[in-house]
Structures are given as C-alpha cells and as structure tokens.
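Letter by letter, the chains look like this.
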Amino acid sequence: MFILKLLLIIMFTFAMLVIGLSDKYRTYKRLMIIGLYFLIVLLIISPSLADYIARLISVEYGSDLAVYVAIAILVMSVSVIYARGQRQIRITTKLIRELAIRDVKKT
Amino acid sequence: MADKLAIVIAMYNESESIRTVLESLRVIRPDDTVIVVDDGSSDNCYDVVAEVENIHLLKHIYNLGQGAALQTGIDYAKRIHMDYVVTYDADGQHNADDIEPFLQTIKTGNYDVVLGSRFLGTTVNMSRAKHYILKFSIWFGYLFSGLKLTDSHNGFRMLNLKKFPAFEMHQNEMSHASEVLDIIRRNKLSYTEMPCTIIYTDYSKAKGQSIFNSINIIIEYFIGKAH
C-alpha cells in the first residue's frame with residue numbers, strides 16, 4: 001500500500017519536472033491542471049466517491065485525498081508559471097544580446 | 001590566411017582590474033581580437049575599457065550573468081568571422097601566456113574544444129575549501145555529462161568556431177560552465193584538457209563565487225536541463 005502511494009508521488013514528481021517545467025507539452029500541462037481541477041470538484045461534490053477513490057489508492061479519507069489533489073494543482077501551477085518565467089528570461093536575454101551586438105563600440 | 005582568435009571577456013564591476021588585464025593581453029597577444037562584454041555593470045568599468053585602444057566593447061543594458069555575457073561575446077565573434085574563441089576572466093585570475101599552447105593544441109589536434117585545467121597546471125593561493133568544492137564539481141560533472149575531466153569548472157577554454165560554429169550556451173549564470181560539458185556530450189565534440197594557471201588574489205577571491213553559490217549553480221543546472 002505504501003508502495004502504491006510512493007509510485008503515485010514519483011509519477012507526479014516526474015510529471016511536474018518533465019511536463020511542468022518544460023517549454024513543450026503545453027496541451028498536456030493544461031489537461032493535467034484542468035483534469036486535477038475537475039477531480040477536486042468531484043471529490044468535493046461527492047464525499048462518498050472521494051472516500052471510495054481514496055481507499056483504492058490507500059489514502060484513508062476522501063478529504064485527505066482532496067487536500068493532496070489541491071496540493072498537486074498548486075505544485076503544477078507553480079511549475080508552469082516558473083517555466084513561463086524562464087522562457088521570458090530567454091527572450092529578454094536574446095533581446096539584450098542583440099542590442100549589445102548592434103551597439104558595439106570599437107575603441 | 002592566418003587564423004583569427006578572439007579573446008572574450010565577460011565583465012561585471014571590474015573597474016579595478018580590467019585595465020591591467022587588457023594591457024597585459026595587448027602585450028602578450030597583440031594580434032588577437034579582444035572582445036569585452038560589460039554585463040550591466042554599475043561601476044565605471046565600461047568607461048575604463050573605452051580608454052583602452054583596439055577593444056570591441058559591448059554592453060548589456062541589464063545584468064544577465066556571466067554565461068550570458070560570454071555567449072554574447074561568442075555570438076559577436078561569430079559575426080566578425082573569428083576562427084577560435086578563448087573565454088578569459090576579467091579579474092586577473094587567468095594568464096595570457098596560456099593562450100598560445102591552447103591555440104597550438106586546438107589547431108594541431110583539430111579539437112572542437114580545449115578545456116583549461118588548474119589541476120594539470122598551477123594554482124596560486126587557492127583555498128582548501130575551493131579545492132574540495134572543485135573536486136566535488138569534477139565528480140558532479142562526470143555523473144551528468146560522462147566526461148572524465150581533471151577540472152570541470154574552469155572559465156579558461158578555447159572553442160573552435162571553424163569546426164563547431166553552432167556552439168551556444170543557454171544558461172545565463174555560473175552554471176554555464178556545467179552546460180559546456182553537456183554541449184560537448186550532446187554534440188559528441190572532440191575535446192582535450194590543457195594545463196592553465198589560475199591566480200587567486202584577495203581581489204579575485206572577494207569577487208569570486210562563494211562556496212554556498214555552488215548550491216545555486218547545481219539548482220540552475222538542473223532547471224536548465226528541464227528545458
């Protein structure tokens with residue numbers, strides 16, 4: 001049972017690092033966040049379903065599962081925002097570099 | 001036609017040392033093209049360099065990091081059709097006499113990259129802590145790039161732009177040194193190490209990387225790889 005939880009954590013961490021932080025996989029990122037959002041809505045609307053799914057993956061209560069899913073949404077969102085920031089840095093670097101080369105001074 | 005070598009220097013607030021560095025280069029390497037990239041300095045080092053003759057002086061309008069400044073210099077060197085580029089520190093740690101042996105090696109061996117090694121060469125006044133951090137970086141570099149080197153974080157390196165003009169670093173800050181190893185591995189570049197001299201003065205130690213910044217370098221390196 002612990003192994004199942006560990007596997008889920010590893011899969012999620014991998015998804016965050018590879019999909020969340022990458023410039024590519026835009027559709028997968030959106031699908032993951034939207035998917036997690038609808039999952040959390042479902043867990044809130046139907047506590048009995050939440051409990052059922054929680055037991056399937058060795059989490060004791062549906063409310064605990066809802067908290068974990070909320071954390072997953074937060075972490076994915078932060079990864080996506082961070083990746084977007086890094087992309088902006090790369091664009092800014094290119095602009096500053098072009099300006100520097102254009103305005104070179106030969107002493 | 002003689003091969004053209006550019007010496008690329010990234011400079012950030014080096015008004016105290018840069019004139020001495022440039023004057024020494026002018027004496028020892030009078031025929032080479034010297035490219036200085038001011039990385040958004042807040043002191044007057046740009047003006048100091050502007051008074052030295054025969055320098056190609058570029059300026060970032062905002063501080064981006066040493067890696068970014070070196071890549072700007074390399075990109076400029078490509079545009080003015082340089083054959084080889086050597087990256088050189090602005091704080092006086094490097095020795096201009098090391099450039100000629102590197103140039104001879106890269107030409108006769110037809111290497112894509114020649115990497116400097118302080119552990120094959122000479123260090124002056126290196127602290128014990130720095131020694132151990134650099135030894136750790138060798139192991140780290142080997143773990144992630146597979147390259148067995150004696151010095152994996154040395155700013156003194158020569159690039160063969162004739163053979164590999166597509167050389168490009170994307171990491172803006174100090175992790176660019178680790179990225180160079182990734183570039184070598186990914187593109188299967190031919191490389192070798194050569195001894196070089198690194199001189200640690202009180203000035204260069206004060207300006208240099210703190211031991212704790214090694215943690216930032218590792219984090220930046222992994223985040224850069226994720227892209």
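Residues numbered from 1 in each chain as written. Chains lettered and ligands numbered in written order. Predicted model: local features only at pLDDT ≥ 70, side-chain atom pairs only at ≥ 80, totals over all residues.

## Some words on the overall build of chain A
Part 1: Scanning chain A from terminus to terminus reveals four helices and one strand.
Part 2: Counting from the amino terminus, chain A carries its helices and strands in the arrangement α-α-α-α-β.
Part 3: Against the compact-globule benchmark of 13 Å for 107 residues, chain A has a radius of gyration of 20 Å, which places it well outside the compact range.
Part 4: For chain A, with 107 residues in total, the buried portion stands at 20%.
Part 5: Within chain A, contacts between residues at least 6 apart in sequence are counted, and of these 57% link residues at least 24 apart. (Helix = DSSP H or I, 4+ residues; strand = E, 2+ residues; numbered from the N terminus. Rg over C-alpha atoms; globule rule 2.2 N^0.38 Å. Buried ≥ 20, exposed ≤ 12 C-beta atoms within 10 Å, placed from the backbone. Contact = placed C-beta atoms within 7 Å.)

## Here's the deal with the overall build of chain B
Part 1: Broken down by element type, chain B carries eight helices and seven strands.
Part 2: Against the globule reference of 17 Å for 227 residues, chain B gives a C-alpha radius of gyration of 16 Å, in line with a compact fold.
Part 3: Considering only C-alpha atoms, chain B reaches an extent of 45 × 40 × 35 Å along its principal axes.
Part 4: With 227 residues in all, chain B has 46% of them scored as buried.
Part 5: Of the contacts made within chain B by residues no fewer than 6 positions apart, 78% connect residues no fewer than 24 positions apart.

## Section: the pairing of strand β5 (residues 113–124) of chain B
Residue and element names in this part refer to chain B.
Part 1: Bridge count between β5 and strand β6 (residues 157–160): three bridges; the pairing is antiparallel. Its bridge partner being in β6, V114 is matched across the sheet by M158.
Part 2: As paired strands, β5 and strand β7 (residues 191–199) are joined by eight bridges and run parallel to one another. Paired with T123 across the two strands is I198, which belongs to β7. (Pairing = 2+ DSSP bridges.)

## Things to note about the nonpolar core
Part 1: Core analysis: the biggest nonpolar cluster contains 59 residues, and I7, V8, I35 and V85 of chain B have the highest contact counts within it.
Part 2: In contact with I7 of chain B, other than residues within four places in its own chain, are L25, R29, D32, V34, I35, V86 and Y88 of chain B.
Part 3: Judged by nonpolar contacts, the second largest core, of 11 residues, contains M32, V59, L65 and A72 of chain A. (Core = buried A, V, L, I, M, F, W, Y, C linked by C-beta atoms within 7 Å.)

## As for helix α6 (residues 176–186) of chain B
Part 1: In terms of residue burial, α6 of chain B counts as a mostly covered element, since nine of its 11 residues are buried.
Part 2: K188 of chain B, located one to two residues past α6 of chain B, shows a positive phi value of around 50°.

## Points about the environment of R186 of chain B
Residues and elements named next belong to chain B.
Part 1: Note on placement: R186 falls in helix α6.
Part 2: R186 gets classed as exposed once you count the C-beta atoms within 10 Å, which come to 9.
Part 3: Along the sequence, R186 and D83 sit 103 residues apart, while their C-alpha atoms lie 22 Å from each other.

## Regarding the interface of chain A and chain B
Part 1: At the interface, 17 residues of chain A touch 24 residues of chain B.
Part 2: Per element, the largest residue contribution to the side of chain A that touches chain B is eight residues, and it comes from helix α4 (residues 62–102) of chain A.
Part 3: Residue composition of the side of chain A that touches chain B, grouped by class: seven nonpolar, four polar and six charged. (Nonpolar A, V, L, I, M, F, W, Y, C, P; charged D, E, K, R; others polar.)

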